[in-house]
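Residues per chain, in single letters:
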There are 2 protein chains.
Amino acid sequence: MPRFFMAGDISGDLIRIDGKDAEHIKVLRMRPGEALTICDGKGTDYTCRLLSTKGQSVEAEIIKTAPSEGEPTVSCTVYTAFPKGDKAETIIQKSVELGACAIVFFPSARCVSRPEGAALTKKCARWQKISEEAAKQSGRGIIPEVSVLASFESALAKASEAEMPLFFYEGETDYTIKQALETKSLYNTVSLVTGSEGGFEPSEVLQARESGMLISSMGKRILRCETAPLCALASVMFHTGNL
Amino acid sequence: MPRFFMAGDISGDLIRIDGKDAEHIKVLRMRPGEALTICDGKGTDYTCRLLSTKGQSVEAEIIKTAPSEGEPTVSCTVYTAFPKGDKAETIIQKSVELGACAIVFFPSARCVSRPEGAALTKKCARWQKISEEAAKQSGRGIIPEVSVLASFESALAKASEAEMPLFFYEGETDYTIKQALETKSLYNTVSLVTGSEGGFEPSEVLQARESGMLISSMGKRILRCETAPLCALASVMFHTGNL
């Protein structure tokens, strides 16, 4: 069933869809009577029947209201040091598919790429668009926010607020993600912090530990910077029964 | 420490490195006395000291011999229906990083891409090269073989030989990868079968079930065809203590 995020109003049993989603419905040549899902972007799905596709907007009647099935039971935020090239786009697309609730980029000592100013503003808009597309395609109930923090310190401050705050470091050889996830039986919020191509400086790892992050390994293989967050996210979703 | 797969001979405590790896060592400007790891591609790592870099080949002295740490304890083969574009390359690169022992492509009813003849031969050579690069970079002890099967039936026949034969189908809503992996406490071989962009036909799912595959879900979100095998592989590695 075609799926859209709300870009209009609900009044009673009716949803009005405006803008590009209305255009998209017309491009798909959907006709009155056909079914579609409209998600409010806050975790609720409306199963609807199309009423009219005339004019600028499109009208649909709500048949069923239910929590979005695509939302995991755990809120997992991916924090990644700025990677090079278009790897940020891969990380965003796949993280949204795998169930991340937000994606945050930040600078670290070994980052080669440090987008700023107008270039960063442009990138952010593009990144948010990729999140939206991935959320639609994978059936998410929210559009995960993509954001940027100005410093490593601010990333640590935010990431360490989670009930399960994980910081991945390839120099950590003893404490695994599995051990970390098994330390508590219940947690609603998870942070997954991963590095850029060059990894983290030992001094950054120390800082992370001092701010309360659990320094963890993801096994003996060296994962690329765009693979690590996806592996961590899949592990969390598997472990918490969201796969 | 730089890492190479063996492309030469061992005699006693000496390894002779030929061809492009010898050239690579020279390009890296490695000098006699420097340390490097040479892997035999069969799961053994030799920590070596470079002796000489003169002439066509390079000589190194073996200091330590040990099983490759990058090899997981479980042999997990990724079977994927031919995807479109360059997604096969992403699947290979990331599967090798995540610990797959082999990657197999096969045609299925809804495949749009079906490479054949000379184009396929060329692709296979390129794919194997990507596996080798990823194996070096991630510290694997083997170079996972990338191969192609001629039919869906032959893929099922091979995949169903594993002790844990998983077939992922988005139409399956009850039986999860977690339930499947928890049915046995011990298994050495795992098959992960995933579809192309269009997924599988119900008749193919029936065929898979009849051949002994466990039809499983990977959660409520719809994963792209290049994301599904990586999510499954990360889950298996997490579950079996290889992360």
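Cut-offs and rules
Residues numbered from 1 in each chain as written. Chains lettered and ligands numbered in written order. Predicted model: local features only at pLDDT ≥ 70, side-chain atom pairs only at ≥ 80, totals over all residues. Heavy atoms only, no water. Contact = heavy atoms within 4.5 Å. Buried area = accessible area lost by both parts, 1.4 Å probe. Salt bridge = Lys/Arg side-chain N within 4 Å of Asp/Glu carboxyl O. Polar contact = N/O pair within 3.5 Å; in protein donor to acceptor, adjacent residues only side chain to side chain. Helix = DSSP H or I, 4+ residues; strand = E, 2+ residues; numbered from the N terminus. Nonpolar A, V, L, I, M, F, W, Y, C, P; charged D, E, K, R; others polar. Pairing = 2+ DSSP bridges. Right-handed = clockwise from strand over helix to strand, strands pointing away. Least-squares fit on C-alpha atoms with pLDDT ≥ 70 in both. Expected span 1.5 Å × (residues − 1). Buried < 20%, exposed > 50% of the residue type's maximum accessible area, 1.4 Å probe, protein only. pLDDT = per-residue confidence, 0-100.

Draft legend 1. Spotlight on the interface of chain B and chain A. In this assembly, 35 residues from chain B lie in contact with 35 residues from chain A. Carbon and sulfur atoms make up 58% of the surface buried where chain B meets chain A, a total of about 3100 Å² over both sides. Ranking the residues of chain B by area buried against chain A places B:Arg221, B:Phe238 and B:Leu243 at the top, with a combined share of 28%. A salt bridge links B:Lys94 to A:Glu226; the shortest N-O distance between them is 2.7 Å. Linking chain B with chain A are 16 residue pairs in polar contact (both at pLDDT 80 or more). Counting residues per element, the side of chain B that touches chain A draws most heavily on helix H7 (residues 228–239) of chain B, at six residues. Counted by class, the side of chain B that touches chain A contains 13 nonpolar, twelve polar and ten charged residues.

Draft legend 2. Structural context of the pairing of strand S9 (residues 145–148) of chain B. Residue and element names in this part refer to chain B. Relative to S9, strand S8 (residues 102–106) runs parallel, the two being bridged by four bridges. The residue of S9 that forms the bridge with valine 104 is serine 147. With helix H3 (residues 117–138) bridging S8 and the parallel S9, this β-α-β connection has right-handed handedness.

Draft legend 3. Highlighting the relation of the copies chain B and chain A. At an RMSD of 0.0 Å, chain B and chain A line up after a rotation of 180 degrees and a shift of 0.0 Å along the axis. Here the copies are linked by what is in effect a two-fold axis. Among all C-alpha atoms of chain B, that of B:Ser235 lies closest to the rotation axis, at 2.8 Å. By residue overlap, the copies meet face to face through one surface: 100% of the interface positions of chain B are interface positions in chain A.

Draft legend 4. Summary view of H7(B). Residue and element names in this part refer to chain B. With twelve residues, H7 should cover 16 Å at 1.5 Å per step; its first-to-last C-alpha distance of 16 Å lies within 8% of that length. Of all twelve residues in H7, eleven are buried, a share of seventy percent or more. Buried within H7 we find Ala228, Pro229, Leu230, Cys231, Ala232, Leu233, Ala234, Ser235, Val236, Met237 and Phe238. Trailing H7 by a residue or two, glycine 241 shows a phi angle of about 75 degrees, which is positive.

Draft legend 5. Main features of helix H2 (residues 87–98) of chain A. The terminal C-alpha atoms of H2(A), which comprises twelve residues, lie 16 Å apart, in line with the 16 Å expected from a rise of 1.5 Å per residue. Taken across its twelve residues, H2(A) has nine buried, putting it largely inside the fold. Burial in H2(A) covers these residues: A:Ala88, A:Ile91, A:Ile92, A:Gln93, A:Lys94, A:Ser95, A:Val96, A:Glu97 and A:Leu98. Looking at the packing, one finds that the buried side of H2(A) touches strand S7 (75–81), strand S8 (102–106), helix H3 (117–138), strand S9 (145–148) and helix H7 (228–239) of chain A together with H7 of chain B. A positive backbone phi angle near 110 degrees is found at A:Gly99, which sits one or two residues after H2(A).

Draft legend 6. Local environment of the confidence of the model for chain A. Looking at chain A as a whole, the pLDDT averages 93, with 99% of positions reaching at least 70. Predicted as a complex, the structure gets a pTM of 0.91 and an ipTM equal to 0.91.

Draft legend 7. Here's a closer look at the environment of B:Val236. Residues and elements named next belong to chain B. Counting through the fold element by element, valine 236 comes out in helix H7. Valine 236 gets classed as buried once you look at its relative accessible area, which sits at 0%. In this view, valine 236 contacts Val74, Cys76, Leu181, Val190 and Leu192; residues no more than four positions away in its chain are not counted.

Draft legend 8. Broad picture of the pattern of salt bridges. Tallying each qualifying case throughout the model produces 28 salt bridges over all chains. A salt bridge links A:Lys20 to A:Glu132; the shortest N-O distance between them is 3.5 Å. Here the residue A:Lys20 occupies a position in helix H1 (residues 19–27), and A:Glu132 occupies one in helix H3, the gap between them amounting to 112 residues. For A:Lys20, a relative accessible area of 48% translates into the label partly exposed. Among the residues examined, A:Glu132 registers a relative accessible area of 16% and is labelled buried. Across the pair B:Glu71 and B:Arg140 runs a salt bridge whose closest N-O atoms are separated by 2.7 Å. With B:Glu71 in the loop between strand S6 (58–67) and strand S7 (75–81) and B:Arg140 in the loop between H3 and S9, the pair connects residues that are 69 residues apart, well separated along the chain. Overlapping salt bridges, with partners in common, bring together A:Lys94, A:Glu97, B:Arg224 and B:Glu226 in one network.

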